Amino acid sequence: MDETIQEHIHLREALIALADAHFTCSLDADGNLGPIEDGAFLSRFLGREGPHAEGVNLDQLVPERDAGILQGLLGRLAADGQARDTVHLVSRDGLCVAFTLVLLRENGNVVGVLRRHADDETRMRAAEHERLVADEVYRNAIEGITVTDSHARILFVNPAFSKITGYTAEEALGQTPSILKSHLHDQAFYKAMWQALINHGQWEGEIWNRRKNGEVYPEWLSISSVRDGLGKLQRYVAVFHDITEIKASQEKVRHQAHHDVLTGLPNRLLLKDRLATSLTHMARSGQKVALLFMDVDNFKHINDSLGHPLGDLLLQAVAARLKEVMRDDDTVARLGGDEFVILVEALESENLAIATAMRLLEAFRVPFHIKGHALTVTPSVGIALYPDDGDDAETLIKNADMAMYRAKEKGRNTFQLYTSALNERAVRRMTMEGELRKALERGDIQPWFQPRVGLRNGSVVGSEALARWIKPDGTVISPGEFIPLAEETGLILPLGEQILEQACRRVRAFQDAGFPEQYVSVNLSPRQFRQKDLVGMVERVLQRTGFDSRLLELEITESSLVQDIDQTMATLRRLREMGLAVAIDDFGTGYSSLAYLKHFPLGALKIDQSFIRGIPTDPSDIAITTTIISMAQSLNLKVIAEGVETLQQLNFILGLRCDEYQGYYFSKPLPPEAYLELLRQRKL
Ligand SMILES: Nc1nc2c(ncn2[C@@H]2O[C@@H]3COP(=O)(O)O[C@H]4[C@@H](O)[C@H](n5cnc6c(=O)[nH]c(N)nc65)O[C@@H]4COP(=O)(O)O[C@H]3[C@H]2O)c(=O)[nH]1
């Protein structure tokens, strides 16, 4: 054997014996590798298994700074058949390890021998050890861990991931973390997350995700991006833990701090919080807030005589009843003892606060059944209003409390407003409501009749029925004083029906007494006009009284007309089908135009008395009256002038060919007997 060959083989054997690894492959002058034999270590180290290494250029395996060294090695190999130098190779994990590389040309192939530098060997061992430790940490961590590639495709998840999300590793691998999306966050949220990852390589925060079973849960998530030794993005590592329980316990602590233990109602702290928020909102919207301070009359006595456990049960029952009678939007709070506060927001007027207080008093009429005892207790209520009685929470609570004490002084089971002027009004209103109910029951509210005169021949053609409240002592109260209250309380419906029925009965009686047929006109307030079964109610009244529907006219206001047009149209049509006429009262004071009126099946139009009053001195009243009359005629509507008080006014409307008039000039509204007398006189 040739001596040099022999020497070469020895060298090779010696090198291989000393080497950490060796490989044999073809290598062209540019450094391209052919198929590798015996290259297990190299393949493993580089992460390029067998055939994958084929065709790879050596300079792809070394960092850029070693490119010159590699060129030198290849040059010397070509020239001398062997070369040796120190190069770095970048491992699959991005680790840069120094090797002594010896290349020997042999039978057209190249044998490569690699020996790790001692310090790098230590580093590799340490890295290997760290990897083992890390594996252990991943497996046992209670935090979920997700590792993805640079395209966010999941490469690895740990057991805690599966425990938290419900997805097994097999289900998660290859997917992206978007499988966990709860859709509770908007685009901007995710955009900010990615921006932080790009800019700082890190993002941390609370996020709502969805488990495989559909359940949405909160987690604390921390994501980092991992780059290799060359600075290229390789991985994202996400670590998260489920904070459902933490949140629940935080919520529990928060709830306990803000709620009363006995009743579960908001406590003083939460009440003040809500009140402060409410005041800020209401200051902007210009609405009122009412604070009702309530305590249970003689609670101490009940507590002492029946025992505290029963007292506690009573307080719980009171809390439940208060919640039941208040709207969902109202806050019912317990300040302690038997003191409760109700916060009512967004009030248009103080009347609603009074109505709430009355509802509350009413609710206590029903006894509380507790452990076999039927307990009847009464409340005392004080009301403070924002902004009238204070503009901060503390002042309002204090003033409502003071008002509550006044209610107690007044004899309990009542309410008091903090402001005395309001108080008087409220008390008057309350008293009047009670009296009005009684008056209705007793039939003290009756129609009076004001004649309507035909302008063509000056005869009484009909009358308007106007409600009067005749007190037992004979005092007559005019409708201006009780109709608005009846409207507010809903009493207008029974009241309206009574007036209609009595008016029909009376006018029928005039006919029965031998007077010529005449019609009667009855007012319908907006609430009456909107009542569900208006047509049915009118039909029943006509039946009961035997009154001819052609002789009945209903007066509605312009405001009734413009609300819910479809419903209005349907009601008017049905009334017309029944033979009734509908007149528009107080025309000219509302919003409707004459052009608008032509769409409705109407019979007549009454010019409001405020225009007649200005005749003959006020030019604009004259102009308005003239226009209304001529346009109404062109629409085929009968025109009636209201409030004619003087001969001049009468002459003026006569000149305009108005159809009818009514007013003090001819007669004031009269009690039925006096009206009958008037008819009698006219007949003579
Ligand atoms: N200054 C002056 N006033 C005159 C003259 N002629 C009549 N009046 C008054 O003008 C009002 C005309 O009634 P209205 O406009 O329907 O206005 C009525 C009507 O809107 C309402 N009303 C009366 N009765 C009822 C009813 O039974 N139901 C409903 N819903 N409202 C009614 O109360 C309002 C007021 O009624 P009243 O006080 O009876 O007042 C009546 C009448 O007494 C006059 O020459 N000069």
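Residues numbered from 1 in each chain as written. Predicted model: local features only at pLDDT ≥ 70, side-chain atom pairs only at ≥ 80, totals over all residues. Heavy atoms only, no water.

> Could you clarify how one ought to interpret the site of the ligand in this entry?
In the vicinity of the ligand lie 22 residues, with Arg468, Asp585, Gln609, Glu645 and Tyr664 positioned nearest. Between the ligand and Gln450, the relevant distance is 3.0 Å, taken from a nitrogen atom to a side-chain nitrogen or oxygen of the residue. The side chain of Asp586 places a nitrogen or oxygen atom 3.2 Å from an oxygen atom of the ligand. Alone, the ligand offers 800 Å² of accessible surface; in the complex the protein occludes 82% of this. Among the elements of the structure, strand E19 (460–470), helix H16 (479–489) and strand E23 (581–587) are those that each provide at least two residues to the shell around the ligand. It is E19 that contributes the most residues to the shell around the ligand, four residues altogether. (Near = heavy atom within 4 Å. Polar contact = N/O pair within 3.5 Å; in protein donor to acceptor, adjacent residues only side chain to side chain. Areas by Shrake-Rupley, 256 points an atom, 1.4 Å probe, with all protein chains shown as cover. Helix = DSSP H or I, 4+ residues; strand = E, 2+ residues; numbered from the N terminus.)

> Sorry, what's going on with the sheet that holds strand E13 (residues 339–347) here?
Backbone hydrogen bonds are what pair the strands of a sheet, in a parallel or an antiparallel way. Within the open sheet, the five strands sit side by side as E12-E13-E11-E16-E17. Their pairing is mixed. Each end of this open sheet is capped by a strand with a single partner; those strands are strand E12 (331–336) and strand E17 (415–417). Looking at each pair of strands side by side, their axes are set apart by 20° on average, direction ignored. As defined by bridge partners, strand E11 (residues 288–296) adjoins strand E16 (residues 379–386) across eight bridges and the pair is classed as antiparallel. (Pairing = 2+ DSSP bridges. Axes fitted to C-alpha atoms, helices over the stretch in contact; angles between N-to-C directions.)

> Looking at this model, I keep getting lost on the pattern of salt bridges. Mind explaining?
Note that side chains of opposite charge can pair when their charged atoms are close. Enumeration over the complete set of coordinates arrives at 33 salt bridges. Linking Arg540 and Asp533 is a salt bridge whose minimum nitrogen-to-oxygen distance equals 3.1 Å. Taking relative accessible area as the criterion, Asp533 reaches 38% and is therefore assigned partly exposed. When salt bridges with common partners are traced through the structure, they connect Arg452, Glu464, Glu553, Glu555, Lys606, Lys638, Glu642 and Glu660 into a single cluster. (Salt bridge = Lys/Arg side-chain N within 4 Å of Asp/Glu carboxyl O. Buried < 20%, exposed > 50% of the residue type's maximum accessible area, 1.4 Å probe, protein only.)

> Would you explain the nonpolar core in this entry?
Buried together is how nonpolar side chains tend to be arranged in soluble globular proteins. By size, the foremost hydrophobic cluster in this structure holds 75 residues, and its most contacted members are Ile445, Val538 and Leu552. The greatest single-element share of this core, amounting to eight residues, is contributed by helix H17 (residues 492–512). When near neighbours in sequence (up to four residues on either side) are disregarded, Val538 contacts Leu500, Leu552, Leu554, Met578 and Leu580. Listed in part, the 35 residues of the second largest apolar core include Ile302, Ile354, Leu361 and Leu417. (Core = buried A, V, L, I, M, F, W, Y, C linked by side-chain atoms within 4.5 Å. Contact = heavy atoms within 4.5 Å.)

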